[in-house]
Amino acid sequence: MTADTHYIASTGIGGATPVRHAAVAIDFLTIPHIKEEDKKYLQALDHLNPTHEYGVAFERGTRLTLPTHTLHPEGSQLFKQQYFISGTASIDKHGDVVYEGDIVRQTGRLLENIGALLKDGDATMNDIQYFIIYLRDISDYHT
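If you're wondering where the values come from, they're calculated on a predicted model, not measured in any experiment. Here the residue numbers are simple positions, counted from 1 along each chain's written sequence. Local features in this predicted model are restricted to residues of pLDDT 70 or higher, and side-chain atom pairs are both shown and tallied only at a pLDDT of 80 or more, whereas totals for entire chains, interfaces and linings draw on every residue. Side-chain numbers here rest on the full set of heavy atoms in the structure, without hydrogens or water.

## Some thoughts on empty space enclosed by the protein
Then step 1. In this analysis a 1.4 Å probe is tested at points of a 1 Å grid over the protein atoms alone, and where it fits but cannot get out there is a cavity; an open set with protein on both sides within 12 Å along at least five of seven lines is a pocket; lining residues have an atom within 4 Å of a point. Grid points are joined across faces, edges and corners, and a volume is the space filled by probe spheres set on the points. Under the criterion given, the structure shown has one cavity of 30 Å³ or more.
Then step 2. Within this model, the largest cavity holds a volume of roughly 60 Å³.
Then step 3. For the largest cavity, the full set of lining residues is Leu42, Gln43, Ala44, Leu45, Leu48, Asn49, Pro50, Thr51, Glu59, Arg60 and Leu117.
Then step 4. Here the residues of the lining of the largest cavity sort into six nonpolar, three polar and two charged. Classification convention: Asp, Glu, Lys, Arg as charged; Ala, Val, Leu, Ile, Met, Phe, Trp, Tyr, Cys, Pro as nonpolar; all other residues, Gly among them, as polar.

What follows is the structure, encoded as structure tokens:
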């Protein structure tokens, strides 16, 4: 990845597989015929540095404009916005981890980063349908 190329989003942590002992698993989302103008790469540079500076091969946020299966009453196509947010963590605008060892403050920063990315795509935290959360230390689960 370079500053000019993009993966839409990635957790960077792995995929799922029905094969219990698989050595490698990965999930893909494929949207045939999507155009570049249907993608908006979300930025929150006052909160997070660009991912190419962070050394990862994905975008932290992407908004896709996708056609729905429903038409307006007059027959024109309806569209929906779909958002993918990934790799936000407890990172500041310089790419540094903040609040190391404090899961509560790290979670607060993570949510702040997500909110800033969504704002760039004209969405809010109220638009979120679900989270996938990865804990590095299982002892933080109850917190």
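Right, picking up where we left off after that structure.
## Brief notes about the sheet that holds strand β2 (residues 61-71)
Then step 1. In space, the three strands of this open sheet follow the order β1-β2-β3, with antiparallel pairing throughout. In this open sheet, the two strands that pair with only one neighbour each are β1 (39-41) and β3 (77-85). For this sheet, the mean angle separating the axes of adjacent strands, direction not counted, is 25 degrees.
Then step 2. One ladder, built from three bridges, connects β1 with β2; its direction is antiparallel. Bridged to Tyr41 within β2 is Thr62.
Then step 3. Packing of helix α2 (residues 103-120) onto the sheet brings it into contact with β1 and β3, and relative to β3 it is tilted by some 155 degrees. The criterion for strand pairing is that DSSP finds at least two bridges linking the strands in question. A helix here means a DSSP run of H or I that spans at least four residues, while a strand means a run of E at least two residues long, and both kinds are numbered starting from the N terminus. Here the axes come from fitting lines to C-alpha atoms, over the contacting stretch only for helices, and the angles between their N-to-C directions go from 0 to 180 degrees. Only heavy atoms matter for contacts: two residues are in contact if any of them lie within 4.5 Å across the pair.

## A closer look at the confidence of the model for the chain
Then step 1. A score from 0 to 100, pLDDT tells how confident the predictor is in each residue. Mean pLDDT over the chain stands at 82; residues scoring 70 or higher make up 81%.
Then step 2. Per-element confidence in the chain ranges from a low mean pLDDT of 76 for helix α1 (residues 51-54) to a high of 94 for α2.

## Let's talk about the pairing of β3
Then step 1. One ladder, built from eight bridges, connects β2 with β3; its direction is antiparallel. Considered in β3, the bridge of Leu71 is made with Gln77.
Then step 2. In sequence, β2 turns back onto β3 through a hairpin of five residues, with Gly75 there showing a positive phi of about 105 degrees.

## A look at the pattern of salt bridges
Then step 1. The term salt bridge refers to a pairing of a side-chain nitrogen on Lys or Arg with a carboxyl oxygen on Asp or Glu at a separation within 4 Å. Inspection of every chain in the model, using the stated rule, returns four salt bridges.
Then step 2. The salt bridge involving Lys39 is made with Glu36; its shortest N-O contact spans 2.7 Å.
Then step 3. The salt bridge involving Asp122 is made with Arg63; its shortest N-O contact spans 3.7 Å. You can see Asp122 sitting in the segment after α2 and its partner Arg63 sitting in strand β2, a full 59 residues away along the chain.
Then step 4. Taking the relative accessible area as the measure of exposure, Asp122 reaches 65% and is therefore exposed.
Then step 5. Classification of residues uses two cut-offs on accessible area relative to the type maximum, computed with a 1.4 Å probe and protein chains only: under 20% is buried, over 50% is exposed, and between them is partly exposed. The class for Arg63 is buried, based on a relative accessible area of 16%.

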